[in-house]
Every structure is written in C-alpha cells, then in structure tokens.
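The residues making up each chain are set out below.
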Amino acid sequence: MSTLYVDNITEKSSGHGVVLPTKTHVPGAVIQVQFDSYLGSSAFAANTAALGHTLLTKAITTKIANSKIYISAQVCHGVGGTAANMDSHDVTYGTYRDTTLVGGVSGRNSRTTGTAPGNGTWYQTDVQFSPSRDFLYGNDYDVYYKYYQCLDSPSGAAGTTYTYRVALFNQATHYHNRCRANASGGGISTMTLMEVAP
C-alpha cells in the first residue's frame, strides 16, 4: 500500500471544487458549511402562494455521494397583534429542499390557513402567542425567535446542488426580523447547512 503526502489540493476548473471518493471521509465528519443570514426586515401580507413566502434560502453543492445535510435555522419575528383572540393570525413555518418539505411533522400539523401545506411543516400555531398586550406599550416593540434543526438525507450524487428554503405561511401580517411598531427594533434570521459524510 502506498502513502501520498501533499500540502494542498487545488481544483483544476474554477468553481468545480475537488470531489474526493467517499472512502476518504470519516462517517459523520463535516465536509463543508454554508451559511445565510437575513439582516433586513419585512412585513409579509397574508400568504397566497403555494410554496409560501421565502424567509431564508441557501444552496449547497455536495462534494461526496450520499451525504447528509444538517440544517439549522433561527427565525426572528414580531407579534402579529394585540387582540384578545389571535385566532386570525395562524402561522406555519416549513423547510424545503427544492420543492420537497423536509424535517417536519407528519400527521399533526394539519392546518391549511395561509395556504399552508397541511403536513410536513416544523412549526404551526392556530392561535399566535400575544404576551404583554395589556401593558402600556403592549407587545409592539419586542421580537421572538423560532428554532429548527434537521438532518436531511437526499441520497444524491457528488456535485448535486440542493437549495434549502425556510418558508412562511401566514394568515395575517407577519413581521420578519422586526417588531410590529417599526423596523427599528428587531433581530436577524440565519440558516446553516452542513454536508455530513455518510
């Protein structure tokens, strides 16, 4: 058996990357990391699109075959209103690999308001939480976070590009990365993709 000693391996064609055989990787090792952050702010009107509003999106091109993709996301949002009954503010979050929902709940998240798919999403509420609504400033100026993690197994060839997208399905105005009162108060939303060796 021979041993090859190198200091660097450089791609021959720009943008192609270096594709190594699966056996060169330790199972469970992280092969690459892709990161996306959204620093702006938006007020999304009630959703009517089949695939929802896009909150975060990031593509990853695999370096080895049959790798898994670890997805981690945080979504910053304001409170939708101060009504005593927030039943008209249904919110659903789902994560897509291209046009396929991944890492969600099957058989439980069944609501379809805001054109939500009714299955396979990772967060869904019928009556949105509206804390502090009776105080002087209500909940006009605060934001909250929702978190998500998933290990996806797309089973593709090396060099396959997958686009992951966190989607919003909302029944009423949804405040993304901002509080309800204005865009001056808020936070950030992020998504991390890691290719993991099989």
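Refer to the structure printed above.
The shown structure was predicted, so the numbers you read here are calculated from the model rather than taken from an experiment.

S.K.: Can you tell me about the overall build of the protein chain, naming the residues and giving the values?
M.R.: Within the protein chain, the secondary structure is distributed over zero helices and 11 strands. A principal-axis box enclosing the C-alpha atoms of the protein chain has dimensions of 75 × 35 × 25 Å. Taking all 198 residues of the protein chain together, the buried fraction comes to 41%. Restricting to contacts in the protein chain with at least 6 residues of sequence separation, those with at least 24 account for 81%. Accessible area of the protein chain: about 10600 Å², with a carbon and sulfur share of 51%. A distance of 5 Å separates the average location of the 13 positive side-chain charges in the protein chain from that of its 12 negative side-chain charges.

S.K.: Provide a residue-level description of a nonpolar patch on the surface, including the pertinent values.
M.R.: Together, L4, V6 and I9 give the surface a local cluster of nonpolar side chains, amounting to about 340 Å² of exposed area. Mapping I9 onto the fold places it in the segment before strand 1 (30–38). By relative accessible area, I9 is classed as exposed at 55%.

S.K.: Tell me about the environment of L39, and please be specific about residues and values.
M.R.: Summarising the element assignment, L39 is placed in the loop between strand 1 and strand 2 (42–44). A residue is classified by how much of its surface remains accessible, and L39, at 62% relative accessible area, is exposed. Once residues within four sequence positions are removed from consideration, L39 is found in contact with N177 and I188.

S.K.: Talk me through the pattern of salt bridges; I want residue IDs and the actual numbers.
M.R.: Overall, the coordinates contain four salt bridges when judged by the stated rule. The partner of R97 in a salt bridge is D152, and the shortest N-O contact between them spans 2.7 Å. You can see R97 sitting in strand 5 (residues 91–97) and its partner D152 sitting in strand 8 (residues 143–152), a full 55 residues away along the chain. The buried category is assigned to R97, whose relative accessible area is 17%. A salt bridge links R111 to D126, with the nearest nitrogen and oxygen atoms 3.2 Å apart. Placement of the pair is R111 in the loop between strand 6 (100–101) and strand 7 (123–125) and D126 in the loop between strand 7 and strand 8, with a sequence separation of 15 residues. R111 gets classed as partly exposed once you look at its relative accessible area, which sits at 32%. Classification of D126 as partly exposed rests on a relative accessible area of 31%.

S.K.: Tell me what's going on with the packing of aromatic side chains, and back it up with residues and numbers.
M.R.: Counting across every chain of the model gives four aromatic pairs. Aromatic side chains Y145 and Y147 sit 6.1 Å apart centroid to centroid with 20 degrees between the ring planes, which places their arrangement in the stacked category. Judged by its relative accessible area of 30%, Y145 falls in the partly exposed class. Among the aromatic residues, ring-to-ring pairing joins Y93, W122, Y123 and Y148 into one connected group.

S.K.: Which residues make up the nonpolar core, and what are the values?
M.R.: Counting 20 residues, the largest nonpolar core has I71, Y164, V166 and M191 as its most contacted members. Of all the elements in the fold, those that place two or more residues in this core are strand 3 (53–61), strand 4 (68–78), strand 5, strand 8, strand 9 (161–170) and strand 11 (189–196).

S.K.: Outline unusual backbone geometry, listing residues and values.
M.R.: A positive phi angle, near 60 degrees, is found at T115, a position not held by glycine. With respect to the helices and strands, the residue T115 is situated in the loop between strand 6 and strand 7. Even without glycine at this site, N177 takes up a positive phi of about 65 degrees. Checked against the element boundaries, N177 lands in the loop between strand 10 (174–176) and strand 11.

About the thresholds
- Residues numbered from 1 in each chain as written.
- Predicted model: local features only at pLDDT ≥ 70, side-chain atom pairs only at ≥ 80, totals over all residues.
- Heavy atoms only, no water.
- Helix = DSSP H or I, 4+ residues; strand = E, 2+ residues; numbered from the N terminus.
- Buried < 20%, exposed > 50% of the residue type's maximum accessible area, 1.4 Å probe, protein only.
- Contact = heavy atoms within 4.5 Å.
- Areas by Shrake-Rupley, 256 points an atom, 1.4 Å probe, with all protein chains shown as cover.
- Lys, Arg positive; Asp, Glu negative; His and termini not counted.
- Charge placed at Lys NZ, Arg CZ, Asp CG, Glu CD.
- Patch = residues over 30% accessible without salt bridge, like charges linked within 9 Å, V, L, I, M, F, W, Y side chains within 5 Å.
- Salt bridge = Lys/Arg side-chain N within 4 Å of Asp/Glu carboxyl O.
- Phe/Tyr/Trp six-rings, centres within 6.5 Å; stacked < 30°, edge-to-face > 60°.
- Core = buried A, V, L, I, M, F, W, Y, C linked by side-chain atoms within 4.5 Å.

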